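Here are the chains, one letter per residue:
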Amino acid sequence: MNRLFVVKKPLFISSNNFLNRVKRRYGVKKGGFSGTLDPFAKGTLIVAFGQYTKLFNYLKKTPKVYRATIFLGADSETMDIEKISKVTPLNRFDNSQIEEVVESFKGKIKQIPPKYSAKKIDGVRAYKLARDNLDIEMKEIEVEVYDIRVTNYSHPFLSIEAEVSEGTYIRSLGVDIAHKLGVDGALTYLERVREGEFIYENEKSLNPLNYLNVEKNFYLGDTQNLSLGRKLKKEEFKNQNSGKYVVEFENYFAIIEIEKSGKVNYLLNRIKKCLWFQEELVKS
């Protein structure tokens, strides 16, 4: 069964375990998700079944929108509520100072990913290394905060909403905001509200062709060439410029790449269209 949809992951369960629940509910074996959420985080999780699991790298998944609450004065090795080791009482900050510091994070910024994260180090998830008490050096990365605002400040809890680029770590962002205020900080709440074009709509089936981050192209030759995976020529396409394209044929679609040299490569082929407009499957 080919299917693309959005689920809402609840709190205190890993993304993998929640995916297994979803697969059992729909009675499928092959499924995957895009964009791991921490166990203590909730919110939007893109899920695909069947061949559509191959599409994750081609979907419109940015910008991402998150809501988070920072516990000012709390120190945590995991940057969240899991391992808070110390809480320092603080005087309330002026609202203007809070607004100024939060606003200063808008734009391109450098951050260090959390040690307790799904980021891979030499092929191993960082959180696995951290839980084994191994020394980990997390390299600084550059991300972009397109927009960020304060949604509530009830001292010592500061709530924000941020629209960010793919690869941004909200725990790191929250801790960096606290540090710029001159204090420790840890997240007590994290929710992904939106992932690019994807929002939660009661697990409604989605047409993947509406969510691909590649331009549509038209194949002018014999579609049997596509169906059989034969060699393709640049001259057989309406748009012959170099780039990645989606091409529809019969009940299938393909994603191809035209190189600057003119060579045409299949990135994905014979992906079957599903009846995405059908009524939702009855959930057991």
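In this report, we go over the structure that sits alongside the text. (Residues numbered from 1 in each chain as written. Predicted model: local features only at pLDDT ≥ 70, side-chain atom pairs only at ≥ 80, totals over all residues. Heavy atoms only, no water.)

The next thing to look at is the overall build of the protein chain. Broken down by element type, the protein chain carries 5 helices and 16 strands. By its C-alpha atoms, the protein chain is 70 × 50 × 40 Å across when sized along the principal axes. By residue count, 47% of the 284 residues in the protein chain fall in the buried class. Pairs at least 24 apart in sequence give 65% of the contacts found in the protein chain among residues at least 6 apart. (Helix = DSSP H or I, 4+ residues; strand = E, 2+ residues; numbered from the N terminus. Buried < 20%, exposed > 50% of the residue type's maximum accessible area, 1.4 Å probe, protein only. Contact = heavy atoms within 4.5 Å.)

Below, the discussion takes up helix 2 (residues 95-103). Each α-helix winds once per 3.6 residues, and so residues spaced three or four apart point in a common direction. Within helix 2, burial applies to Ile 98, Val 101 and Val 102. Take helix 2 and look down its axis: the buried residues cluster within an arc of 95°, on one side only. In helix 2, those exposed residues whose orientation departs by more than 90 degrees from the buried face are Ser 96 and Glu 100. Against strand 4 (64-72), strand 10 (141-154), strand 11 (157-164) and helix 4 (170-180) lie the buried residues of helix 2. (Arc of directions from axis to C-beta.)

Another aspect to go through is the environment of Gly 27. Counting through the fold element by element, Gly 27 comes out in the loop between helix 1 (15-26) and strand 2 (31-34). Considered as a pair, Gly 27 and Met 1 are 26 residues apart in the sequence and their alpha carbons are 9.8 Å apart.

We now examine helix 1. Under the 1.5 Å per step criterion, the end-to-end length of helix 1 is 17 Å for 12 residues, consistent within 8% with the ideal 16 Å. Three or more residues of helix 1 are buried, namely Ser 15, Phe 18, Leu 19, Val 22, Lys 23 and Tyr 26. The arc that holds the buried residues of helix 1, viewed along the axis, is 145°, so those residues lie on one side. Buried-residue contacts for helix 1 involve strand 1 (3-9), strand 2 and strand 3 (42-49). (Expected span 1.5 Å × (residues − 1).)

Our next topic: the pattern of salt bridges. Tallied over the full model, the rule gives 14 salt bridges. Across the salt bridge formed by Arg 171 and Asp 80, the nearest N and O atoms sit 3.7 Å from each other. Taken as a pair, Arg 171 in helix 4 and Asp 80 in the loop between strand 5 (74-76) and strand 6 (84-87) lie far apart in primary sequence, 91 residues in all. Judged by relative accessible area, which is 4%, Asp 80 ranks as buried. The salt bridge involving Glu 163 is made with Arg 194; its shortest N-O contact spans 3.3 Å. With Glu 163 in strand 11 and Arg 194 in strand 12 (residues 185-195), this residue pair connects regions lying 31 residues apart in the sequence. Look at Glu 163 and you get partly exposed, because its relative accessible area is 26%. Residue Arg 194 is classed as partly exposed on the basis of its relative accessible area of 24%. (Salt bridge = Lys/Arg side-chain N within 4 Å of Asp/Glu carboxyl O.)

Right, let's get into the pairing of strand 3. In terms of residue burial, strand 3 counts as a mostly covered element, since 7 of its 8 residues are buried. Note that strand 1 and strand 3 share 7 bridges and pair antiparallel. Within strand 3, the position partnered with Phe 5 by the bridge is Val 47. Judged from the 4 bridges that link them, strand 2 and strand 3 form a sheet pairing that is antiparallel. Looking at the pairing, Phe 33 lines up with Val 47 of strand 3. Direction of pairing for strand 3 relative to strand 12: parallel, over a ladder of 2 bridges. When the bridges of strand 12 are listed, Lys 42 appears paired with Glu 191. (Pairing = 2+ DSSP bridges.)

Read these as layout, nothing more, since geometry by itself doesn't imply function.
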